[in-house]
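Report on the structure
Here are the chains, one letter per residue:
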Amino acid sequence: MNSMDQSEDWKKFQHEVYEECKRVFNDAEEILEDTHIKGKFTKRSRQIDTLIKLNDNDIIAVDAKCYNKKVDVKEVESYIGMLKDIGANKGILISNKGFSKA
């Protein structure tokens with residue numbers, strides 16, 4: 001598989017996750033695909049694959065990982081840090097290959 005195919009697979013996977021979030025969270029106030037939020041601590045723009053706003057106090061950030069291996073604990077820790085930085089109170093991390101034992 002060449003790099004263009006991998007890029008297209010990643011975009012397709014991310015969009016499929018977004019569509020599934022729209023289906024599951026059909027009563028959400030707002031669902032955004034591939035959006036950015038300025039981090040509270042880093043002060044940098046953080047990219048979120050899918051952002052689900054259920055109400056003013058309930059925000060879910062969804063990250064879709066399309067890798068050729070399982071997601072490891074370092075990726076999960078990084079994701080938790082990003083959730084704290086953007087002020088999301090919930091997160092969903094989805095992997096096409098699953099997660100390592102750790």
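Now for a look at the structure at hand. Every value quoted in this text rests on a predicted model; they were computed, and no experiment measured them.

1. Brief notes about the pairing of strand β1 (residues 30–38)
Here β1 runs beside strand β2 (residues 45–55); their pairing, made up of eight bridges, is antiparallel. Pairing of E30 across the sheet is with K53, part of β2.

2. Examining the environment of K53
Mapping K53 onto the fold places it in strand β2. Of the residues examined, K53 reaches a relative accessible area of 24% and is grouped as partly exposed. For the pair K53 and L32, spaced 21 residues apart in sequence, the C-alpha separation works out to 8.5 Å. In this structure, K53 is in contact with A28, E29, E30, D58 and I59, ignoring residues within four places of it in sequence. A distance of 3.4 Å separates polar atoms of two side chains, one belonging to K53 and the other to D56.

3. Some words on the pattern of salt bridges
Applying the stated criterion to the full structure yields seven salt bridges. For the salt bridge of E19 with K22, the shortest nitrogen-to-oxygen distance reads 3.5 Å. Here E19 pairs with K22, and both are found in helix α1 (residues 3–24), just three residues apart, close to one helical turn. On the accessibility criterion, K22 (34% relative accessible area) is partly exposed. Here K90 makes a salt bridge to D58, at a shortest N to O gap of 3.0 Å. With K90 in strand β4 (residues 90–95) and D58 in strand β3 (residues 58–65), the pair connects residues that are 32 residues apart, well separated along the chain. Here the salt bridges do not stand alone but share partners, grouping D63, K65 and E75 into one network.

4. Some remarks on the side chain of D85
Counting through the fold element by element, D85 comes out in helix α2 (residues 73–86). D85 gets classed as buried once you look at its relative accessible area, which sits at 2%. Excluding residues that lie within four positions of it along the chain, D85 makes contacts with G39, K40, F41, T42 and R46.

5. Topic: unusual backbone geometry
Non-glycine residue D34 carries a positive phi angle of around 50°. Unusually for a residue other than glycine, K43 sits at a positive phi of about 60°. The topology assignment puts K43 in the loop between β1 and β2.

6. Points about α2
When the terminal C-alpha atoms of α2 are compared, their 20 Å separation across 14 residues agrees well with the 20 Å that a helix rising 1.5 Å per residue should span. For α2, the full list of buried residues reads Y79, M82, L83, D85 and I86. In an axial view of α2, the angular spread of the buried residues amounts to 160°, which keeps them on one side of the axis. Exposed side chains of α2 directed beyond 90 degrees from the buried face belong to K74 and K84. Against β1, β2, β3 and β4 lie the buried residues of α2.

Conventions and cut-offs
Residues numbered from 1 in each chain as written. Predicted model: local features only at pLDDT ≥ 70, side-chain atom pairs only at ≥ 80, totals over all residues. Heavy atoms only, no water. Pairing = 2+ DSSP bridges. Helix = DSSP H or I, 4+ residues; strand = E, 2+ residues; numbered from the N terminus. Buried < 20%, exposed > 50% of the residue type's maximum accessible area, 1.4 Å probe, protein only. Contact = heavy atoms within 4.5 Å. Polar contact = N/O pair within 3.5 Å; in protein donor to acceptor, adjacent residues only side chain to side chain. Salt bridge = Lys/Arg side-chain N within 4 Å of Asp/Glu carboxyl O. Expected span 1.5 Å × (residues − 1). Arc of directions from axis to C-beta.

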